[in-house]
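# Per-entry structural report
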Amino acid sequence: MWELGIIFMTVLLVRGNVETTKTPSTSTDKSHNGDVQNRTKVFETIMSNYKREIIPDNLTVSFGLALINVIQMSSEQKSMEIDAMLRYEWIDTRLKWDRKKFGNVRLMIIPYQHIWIPDIILFNAAKIFNYISSCADSNIWIYETGKILWDRQCHLSSFCNISSYESQQTCTLKFGSWTFDGLDMDLKLYNEVHILKV
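Report on the accompanying structure.

### Describing the overall build of the protein chain
- Scanning the protein chain from terminus to terminus reveals one helix and 10 strands.
- Listed by position from the N terminus, the elements making up the protein chain come as β-α-β-β-β-β-β-β-β-β-β.
- When contacts within the protein chain are restricted to residue pairs at least 6 apart in sequence, long-range pairs at least 24 apart make up 82% of them.
- Counting every atom, the protein chain has about 11300 Å² of accessible surface; 49% of that belongs to carbon and sulfur.

Encoded structure:
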């Protein structure tokens, strides 16, 4: 049976009442991250038979958005343009390791191009951006358990039923995988947050 893997986020815009949405902390204890020799060994080990073209098994991706700035809102074009921090979290068991064998390395920070990444896009986009090129390049955080954390600053433009007569506007952003259904990639909201008030 085919299932959709789509989530909705609502942005509530109130004139004259702007709040900053903070990106969740990604802090970790850098003193327990081994040395360059052991990090190199971890990288070579987890990448030795890794195929980034293959989706991980039993995949659930947590996806969140933190608003950085509202660029423009157009009642004529019924659209909203924003800068936002997108957060992705998932587990790829192919990328886990035993830190005791690698000098206590608990975290690897590497370019995202080395591993499989979810192809989550904005379905109700007002402008067709490539889902990679509309975002700034950023590194992936890989933990010893295979948990992956990826934060990306992106420029998004979405359709939104905006009225020039209302002081409060509500915009719904529809995100989902471009190629995978809900059976291949379960998609859920990061920290269960689906309404952003700004």
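### Quick look at the sheet that holds strand β7 (residues 147-159)
- The six strands lie next to each other as β4-β6-β7-β3-β2-β9, forming an open sheet whose pairing is mixed. Looking at which strands have only one partner, the edges of the open sheet turn out to be β4 (107-111) and β9 (185-189). Across the sheet, the mean angle separating the axes of adjacent strands is 30° when strand polarity is ignored.

### Looking at the state of the cysteines
- Scanning the model with the defined rule gives two disulfides in all.
- Between the sulfur of Cys 135 and that of Cys 154 lies a disulfide, 1.9 Å long from S to S. Taking the torsion about the sulfur-sulfur bond, which here is approximately 105°, the covalent link between Cys 135 and Cys 154 counts as right-handed. A residue pair is termed long-range when its members are at least 10 positions apart, and Cys 135 in the loop between β5 (120-122) and β6 (139-143) and Cys 154 in strand β7 qualify at 19 residues. Each member of the pair, Cys 135 together with Cys 154, is buried.
- Through a disulfide, Cys 160 is tied to Cys 171; the S-S separation comes to 1.8 Å.

### Observations regarding the pattern of salt bridges
- All chains considered together, the criterion is met by three salt bridges.
- Of the charged contacts, one joins Arg 99 and Glu 144 as a salt bridge, the two residues approaching to 3.2 Å between their closest N and O atoms. Taken together, the positions of Arg 99 in the loop between β3 (79-91) and β4 and Glu 144 in the loop between β6 and β7 put the pair 45 residues apart, joining distant regions of the chain.
- According to the relative accessible area criterion, Glu 144 is partly exposed, its value standing at 21%.

Calculation notes
- Residues numbered from 1 in each chain as written.
- Predicted model: local features only at pLDDT ≥ 70, side-chain atom pairs only at ≥ 80, totals over all residues.
- Heavy atoms only, no water.
- Helix = DSSP H or I, 4+ residues; strand = E, 2+ residues; numbered from the N terminus.
- Contact = heavy atoms within 4.5 Å.
- Areas by Shrake-Rupley, 256 points an atom, 1.4 Å probe, with all protein chains shown as cover.
- Pairing = 2+ DSSP bridges.
- Axes fitted to C-alpha atoms, helices over the stretch in contact; angles between N-to-C directions.
- Disulfide = S-S within 2.5 Å.
- Buried < 20%, exposed > 50% of the residue type's maximum accessible area, 1.4 Å probe, protein only.
- Salt bridge = Lys/Arg side-chain N within 4 Å of Asp/Glu carboxyl O.

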